[in-house]
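What the coordinates show
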Amino acid sequence: MSRLFTLFILIICYQIQNLPLVSSSSSNTLNGQHLKVIWPRWKGNPPGLTGPLMGGTIVDTLAERFNFTYEMVRVTENRLEPQGKERGLFNYMWEKKCDLLIIGVGLTYGRFLVVDVTIPLVFEPYRFLIPVQGDTANINAVIKPFQWPVWLGLVISIVFVIIVLQLFENAFGPSNVPNHGNTTNQWNWLYCVRQIGKHYVYVFGNLLSQGGPCPSKRLSFRLVAGVWCLAAFIFVQAYTSILFTYIVTPVNHPLINSVYDIVEHSDIQLLVRKASTLNRYISDPNATGILPKLRKKLDSFPNSECHMISECINMIKPGSRKTFADVISAQLEAIKGHFDQTKKCDIQLAKESFLTVFASLALQKHSRYTDTINRGVMEFQQGGLIDHWESGFNPMPPQCLANTKSGNQKQETKPSVIKLSNLTGAFVVLLIGFSASFLIFLIELNNNLHTSTSKQSDMASNKKHGT
């Protein structure tokens, strides 16, 4: 990150050094000139090359503003710097075949030494493109309103209240139990079990808003029961107030929210464009912070680098564990293009951005047109033309605006429709209750049949012996 800070300071110093010249100079070095311009998205170039959609508008506006003509240079390269035997777009400027490069040139120290870069045209963060996940069952919605310490405290409170009520009842209750000789202990045990059952029903009845009569008229007993009624009211109101929020919470959780989710989950594959500025930062042997971890992530999966943006986009499919990193303008264009083809919003942006970069135009080193182009870029920014052009070239569909924050576009809001997946937890509780009730019913039925059979057997035995 220290190299990025140094680069940032270098850019600021460059702007300060050239600001008086740009702002005070009235000379137009472009007047009457004929420029050779490279714009990779020009219709004469092969499709799929990277570049700003508004590049044609930028050069047309500059030509009208500074009175020059231009011609487009046909290119086939999709990278700035040459690599091995592969040429780059910078080769055209070094060979004097190009005067102006209309592309988002991410500023690095190496590029600053070999070409002239204008003041930043846009400031773009890198965003992560992820597939839209399908709905999952919201089973945990029933327990989410309370954290586990609250549930633990509630269980302890229930047990404690039942024990206290039983102790208060036993202080007077056992003395009223009829004496049956040797069966006194058995009757005492049955009496305690019956009283505990009443207390259990009373305590849980209040929690389930069912209420019920207080099983004792003693003041100490009623005082504890009243305190429990108040506590149960607070628990129930707090639970029901928060429960609705968790029921309508989206159950299609995003694949990632930030770059840290990528490095923390070993099954998530990161995709980057091979010639992107981000890839250069990640591949820097002197990189620090999270960048080396991203390098390891790229090396741990095959085919993590793609030449064309379309190659990476095609790998972001619903259900996949892949994410593609690029500047936000390219990501918005990808989302819109995918929607135009499929009429579906199957891809979206992750919530948090990463590594804001400065994107500039490039000219030949020590070009005499640099100051004039700088003045034009400053006028574009001051007039708000850059934002206006971006919103015009990337009109996002309203239904695909999740996490885009694209200018003045507002996300379409509709009332949330509660689906079956939102109420899965409630149906699970209902199923458990029905299953428990049916099991108890079978046990009771078996006991009744066993008791009836025993009685019939005893009656037959007594009749046989004549007793």
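Below or above, wherever it landed, is the structure these notes cover. (Residues numbered from 1 in each chain as written. Predicted model: local features only at pLDDT ≥ 70, side-chain atom pairs only at ≥ 80, totals over all residues. Heavy atoms only, no water.)

Our next topic: the overall build of the chain. Scanning the chain for helices and strands turns up 15 helices and ten strands. Of all 467 residues assigned to the chain, the portion counted as buried reaches 39%. Surface summary for the chain: the accessible area is close to 26900 Å², and the carbon and sulfur share equals 60%. (Helix = DSSP H or I, 4+ residues; strand = E, 2+ residues; numbered from the N terminus. Buried < 20%, exposed > 50% of the residue type's maximum accessible area, 1.4 Å probe, protein only. Areas by Shrake-Rupley, 256 points an atom, 1.4 Å probe, with all protein chains shown as cover.)

Under the counting rule described, the total for this entry stands at one disulfide. With a sulfur-sulfur separation of 1.6 Å, cysteine 306 is cross-linked through a disulfide to cysteine 312. On the sign convention where negative means left-handed, the S-S torsion of about -80 degrees between cysteine 306 and cysteine 312 marks this disulfide as left-handed. Residue classification places cysteine 306 among the buried residues on the basis of a relative accessible area of 3%. Residue classification places cysteine 312 among the buried residues on the basis of a relative accessible area of 0%. (Disulfide = S-S within 2.5 Å.)

Here we come to helix H13 (residues 370-382). Helix length check: H13 (13 residues) gives 18 Å between terminal C-alpha atoms against 18 Å at 1.5 Å per residue, within 8%. Those residues of H13 lying buried are Thr370, Thr372, Ile373, Asn374, Arg375, Gly376, Val377 and Phe380. Of the residues flanking the end of H13, it is glycine 384, one or two places downstream, whose phi is positive at about 70 degrees. (Expected span 1.5 Å × (residues − 1).)

Bridge count for strand E1 (residues 34-38) against strand E2 (residues 69-72) is four bridges, and the pairing is parallel. Note on E2: the bridge partner recorded for lysine 36 is glutamate 71. Handedness of the E1-helix H2 (residues 55-66)-E2 crossover: right-handed. (Pairing = 2+ DSSP bridges. Right-handed = clockwise from strand over helix to strand, strands pointing away.)

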